[in-house]
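Next come the chains, spelled out residue by residue.
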Amino acid sequence: MRRTHGAATAKHGSDLDRALVDRAARLVAGLAGLRFDDSNRDVLAAGLARAGRGFAGGAAALVAAAADGDERARETLCGAITVGETYFFRHPEHFELIRRLAPKLAADGSVRAWSAGCSTGEETWSLAFALRDVVAAPSVIGTDLNVAALTTARRGRYGRWSLRGTGLPAELRVAAANVEVPAPLRSIVRFAPLNLTSADWSATLGEARFELVLCRNVLVYFVPDAARAVLRRLADRLVDGGVLVVSALDVELAPPELASVVVDGVTVLTRRRVDTTPPRAAARVATTPSPAPAAGASRHTVDSARAAADRGDLAAALAAAEALVAETRAPETLHLLALVVGELGRAADAIRFLREAVALDPTYVLGHLGLGLADTLDGDTRALHLDRALALVDGVPDERIIGGPDPLPASWVKKLASAARQGAR
Ligand SMILES: C[S@@+](CC[C@H](N)C(=O)[O-])C[C@H]1O[C@@H](n2cnc3c(N)ncnc32)[C@H](O)[C@@H]1O
């Protein structure tokens, strides 16, 4: 199961001195390109407090050692404050597209793919699953700054929360509490540490160039200049015609050498125009698996909390939602808790949980929509979140289901956000 590194288990907020948190924010911006401001300062403070408890001298000593160049302190600090939210086949439309495009990217049946910022590996393994269906010789590398996350990735053993998405292959749709990635996939996947803002990537990547690069839900946490610089260097690592898949919000930061192309409602980046006609070897393109029901036990817990709320048993709903958040501090669980406390009349707490949800995942559409519809917030703040929700669903097919405790079709998100946007500001 993967949620957040450090921040996931830390308590909300911390007692750390503001000056120390500010110093840590400046330091991690320089070390890893990460942006911490008022919107996500809590995530930094909580991660720093937690990491400090395991470091001799505490958080202040940890920040001082990291500033002095101590590699272990840097690793501890960055590992504690990066957000590692991920799950298998997250943004299933990307994998549908990869299945369609990969056969055309493979010059000789081989596709080299890179999952940059892979966290605990769910994205990397999903990529391997998708590619093995459609090309003869795929190879996949997953890289991340966080070495602890990479250890989990290499183990290849996942709980149900990692499997809460749709479109899972049959091997992952099993009732067991933990699922291992199939052995044959291991021979095509490797994991290695890489800080995307480090000056030299060659120790990890050599001179490799890739047909396919995924860097999703990573640059959205970066200072914009650092994100732009990484995008430029990712472009250099693509073969001609290779495809870079990023999050919707990253597209506007792309340098001129990367063209954005919309295929089936999904925007991808490429150095030159992607041929989107069906591949000749169409028979090799696997059909998209039918969506699996979301997440076994965890999904049931979400459903039971919703059911308790629906029958008016708010105490039971609250207990279930709090238990779920204690187990997994992720955008969807925080959103569920926000819905329950909102129904209990605790509007300020609901806003706090929703804010934490979008701080953990700035691309969490339904969190932005919830904040955009919150009438206790001022018009400017609501408009900002509604614009964010609209930007995130821009180009997404209307029928696509947008995930959360109360999933909605994209068309509804567009309608609700557009209507509310008229009233905000
Ligand atoms: C939210 S996860 C995204 C995981 C996966 N790409 C997905 O979309 O499901 C962001 C990951 O980016 C990694 N990351 C953050 N800064 C990084 C950097 N400077 N270099 C490499 N990885 C970084 C974090 O450690 C974290 O695992």
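About the thresholds
Residues numbered from 1 in each chain as written. Predicted model: local features only at pLDDT ≥ 70, side-chain atom pairs only at ≥ 80, totals over all residues. Pairing = 2+ DSSP bridges. Helix = DSSP H or I, 4+ residues; strand = E, 2+ residues; numbered from the N terminus. Axes fitted to C-alpha atoms, helices over the stretch in contact; angles between N-to-C directions. Contact = placed C-beta atoms within 7 Å. Near = placed C-beta within 6 Å. Nonpolar A, V, L, I, M, F, W, Y, C, P; charged D, E, K, R; others polar. Domains from an automatic or database assignment. Buried ≥ 20, exposed ≤ 12 C-beta atoms within 10 Å, placed from the backbone. Arc of directions from axis to C-beta. Expected span 1.5 Å × (residues − 1). Core = buried A, V, L, I, M, F, W, Y, C linked by C-beta atoms within 7 Å. Parallel < 35°, antiparallel > 145°, perpendicular 65-115°, else oblique. Left-handed = near helix turned anticlockwise from the far one by under 90°.

## Here's the deal with the sheet that holds strand β1 (residues 110-116)
A sheet is described by the order of its strands in space; here 7 strands give the open sequence β5-β2-β1-β6-β7-β9-β8, paired in mixed fashion. Only two strands of the sheet have a single neighbouring strand rather than two, namely β5 (189-193) and β8 (259-263). The mean inter-strand angle of the sheet, taken between neighbouring strand axes irrespective of direction, is 25°. Here strand β7 (residues 238-246) runs beside strand β9 (residues 266-270); their pairing, made up of 2 bridges, is antiparallel. Pairing of V243 across the sheet is with T270, part of β9. In the packing of helix α7 (residues 147-155) onto the sheet, contacts are made with β2 (137-144) and β5, and the angle to β5 comes to roughly 170°.

## Observations regarding the environment of F129
Inspection of the secondary structure assignment puts F129 in helix α6 (residues 122-134). Between the C-alpha atom of F129 and that of E171, which follows or precedes it by 42 residues, the distance is 9.9 Å. Beyond its immediate stretch of four places on either side in the chain, F129 contacts P169 and L185.

## A few points about the site of the ligand
Within the structure, the ligand sits among 24 residues, and T82, T86, G117, S119 and N217 are positioned closest to it. When the residues that make up the shell around the ligand are grouped by side-chain class, the tally is 9 nonpolar, 10 polar and 5 charged. When we break the shell around the ligand down by domain, the ones giving at least three residues each are domain 1 (18-81) and domain 2 (92-284).

## Some details on α7
Within α7, the full set of buried residues consists of A149, L150, T152 and A153. The buried residues of α7 occupy one face: seen down the axis, they fall within an arc of 155°. Among the structural elements, α6, β2 and β5 are those in contact with the buried residues of α7. Following α7 by one or two positions, G156 has its phi on the positive side, about 70°.

## Considerations on helix α5 (residues 92-105)
Since one α-helical turn is 3.6 residues long, residues separated by three or four positions face the same way. Its 14 residues place the ends of α5 19 Å apart at the C-alpha level, agreeing with the 20 Å of an ideal helix rising 1.5 Å per residue. Burial of α5 is extensive: 12 of the 14 residues sit out of reach of the surface.

## So, the environment of V63
Looking at where V63 falls in the secondary structure, it is placed in helix α3 (residues 58-67). The class for V63 is buried, based on 25 C-beta atoms found within 10 Å. As for V63 and V28, which are separated by 35 residues in sequence, their C-alpha atoms are 9.7 Å apart.

## Re the nonpolar core
A general feature of soluble globular proteins is that nonpolar side chains tend to end up buried together. Core analysis: the biggest nonpolar cluster contains 119 residues, and A102, L131, V213 and L244 have the highest contact counts within it. The contact partners of L131, leaving out residues within four places of it in the chain, are A102, V111, A113, P138 and V140. Listed in part, the 5 residues of the second largest apolar core include C118, A149, A153 and F191.

## Some words on the packing of α5 against α6
One can describe the packing of α5 onto α6 by two numbers: an axis separation of 9 Å at closest approach and a directional angle of 40°. On the basis of the axis angle, α5 is oblique to α6. Note that α5 runs across α6; the crossing there is right-handed. Of the residues in α6, those in contact with F95, I98, R99, A102 and P103 of α5 are S126, A130, L131, D133 and V134. Tallied by class, the residues present in the contact of α5 with α6 amount to 7 nonpolar, 1 polar and 2 charged.

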